[in-house]
Amino acid sequence: LAGMQDKYASRGLVVVTLLTENTSSQDPSTSDLSAWSTMAGYKGAPVLADPNWSISDRFERDGYIPTVSLIGPGMVVKKVDSSVGESDITAALPW
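Below: a short report on this structure. Numbering of residues starts from 1 in every chain and runs along the sequence as written. A pLDDT threshold of at least 70 governs which residues receive local features in this predicted model, and a stricter bar of 80 or more applies before side-chain atom pairs are shown or counted, although totals over entire chains, interfaces and linings include all residues. As a rule here, side-chain values cover all heavy atoms of the structure and leave hydrogens and water aside.

## So, the side chain of Asp50
Within the secondary structure, Asp50 is located in the loop between β2 (47–49) and β3 (70–72). Throughout, exposure labels follow a simple rule: accessible area from a 1.4 Å probe, protein chains only, divided by the maximum for the residue type, with under 20% read as buried, over 50% as exposed, and the rest as partly exposed. In this tally, Asp and Glu contribute negative charge and Lys and Arg positive charge; neither His nor the terminal groups of the chain are included. In what follows, salt bridge is the name for a side-chain nitrogen of Lys or Arg lying within 4 Å of a carboxyl oxygen of Asp or Glu. Of the side chains bearing the opposite charge, Arg58 lies closest to the buried Asp50, which forms no salt bridge; the N-O distance is 7.8 Å. We call two N or O atoms a polar contact when they sit within 3.5 Å, provided that within protein one can donate a hydrogen and the other can accept it, with sequence-adjacent residues counted only if both atoms are side-chain atoms. At 3.0 Å, the side chain of Asp50 forms a polar contact with the backbone nitrogen of Ile55. One polar contact links Asp50 to Ser56, side chain to side chain, over a distance of 2.6 Å. The residues contacting Asp50, other than those within four sequence positions of it, are Leu18, Leu19, Thr20, Ile55 and Ser56. Strands here are runs of E lasting at least two residues and helices are runs of H or I lasting at least four, both read from the DSSP assignment and numbered beginning at the N terminus. Whether two residues are in contact is decided by their heavy atoms: any pair within 4.5 Å suffices.

## Let's talk about a nonpolar patch on the surface
Exposure above 30% relative accessible area and the lack of any salt bridge qualify a residue for a patch; like charges then connect within 9 Å, and the nonpolar side chains Val, Leu, Ile, Met, Phe, Trp and Tyr within 5 Å. Residue exposure ignores everything except the shown protein chains as possible cover, and the areas themselves are Shrake-Rupley values with a 1.4 Å probe. A cluster of nonpolar side chains, Val14, Val16, Leu18, Leu48 and Ile55, forms an exposed patch at the surface whose accessible area comes to about 380 Å². For Leu18, the location among the structural elements is in strand β1 (residues 17–19).

## Brief notes about the nonpolar core
If you look at the biggest cluster of nonpolar residues, it comprises 15 residues, and the most contacted ones within it are Met4, Tyr8, Leu13, Tyr42, Leu70, Ile89 and Leu93. Sorting the residues of this core by element identifies α1 (2–8) and α3 (86–92) as the ones contributing at least two each. For this core, the leading source of residues is α1, giving three residues. Other than its neighbours up to four places away in sequence, Leu70 contacts Val76, Val77, Lys78, Lys79, Val84, Asp88, Ile89 and Ala92. Working definition of a nonpolar core: buried Ala, Val, Leu, Ile, Met, Phe, Trp, Tyr and Cys residues. They are joined through side-chain atoms within 4.5 Å.

## Brief notes about the pattern of salt bridges
For the coordinates displayed, the defined rule picks out two salt bridges. The salt bridge involving Lys7 is made with Glu86; its shortest N-O contact spans 2.7 Å. A residue pair is termed long-range when its members are at least 10 positions apart, and Lys7 in helix α1 and Glu86 in helix α3 qualify at 79 residues. A residue is classified by how much of its surface remains accessible, and Glu86, at 31% relative accessible area, is partly exposed. Salt-bridge contacts for Lys79 lead to Asp88; the nearest nitrogen and oxygen are separated by 3.3 Å. Since its relative accessible area comes to 24%, Asp88 is described here as partly exposed.

This is the structure in structure tokens:
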């Protein structure tokens, strides 16, 4: 998704990562979030802590991670916990 973030940021795409735990199964710290962002190659995209899966669980359907959902303009949920391809992204962008 980092490539899609770079390619479509000017059209409004924002890739948001919710990190539920660190590699020690603890709540992620600020340094964990920063390390994940660097490792994943997200330039300027938000990486947020989601301890206890308080947000992620709302979109989890199949019991496996990662969970990828697509939310369009106006916070309209387009896809939940499924494969999100480039054609899905471009169809959801406002222009």
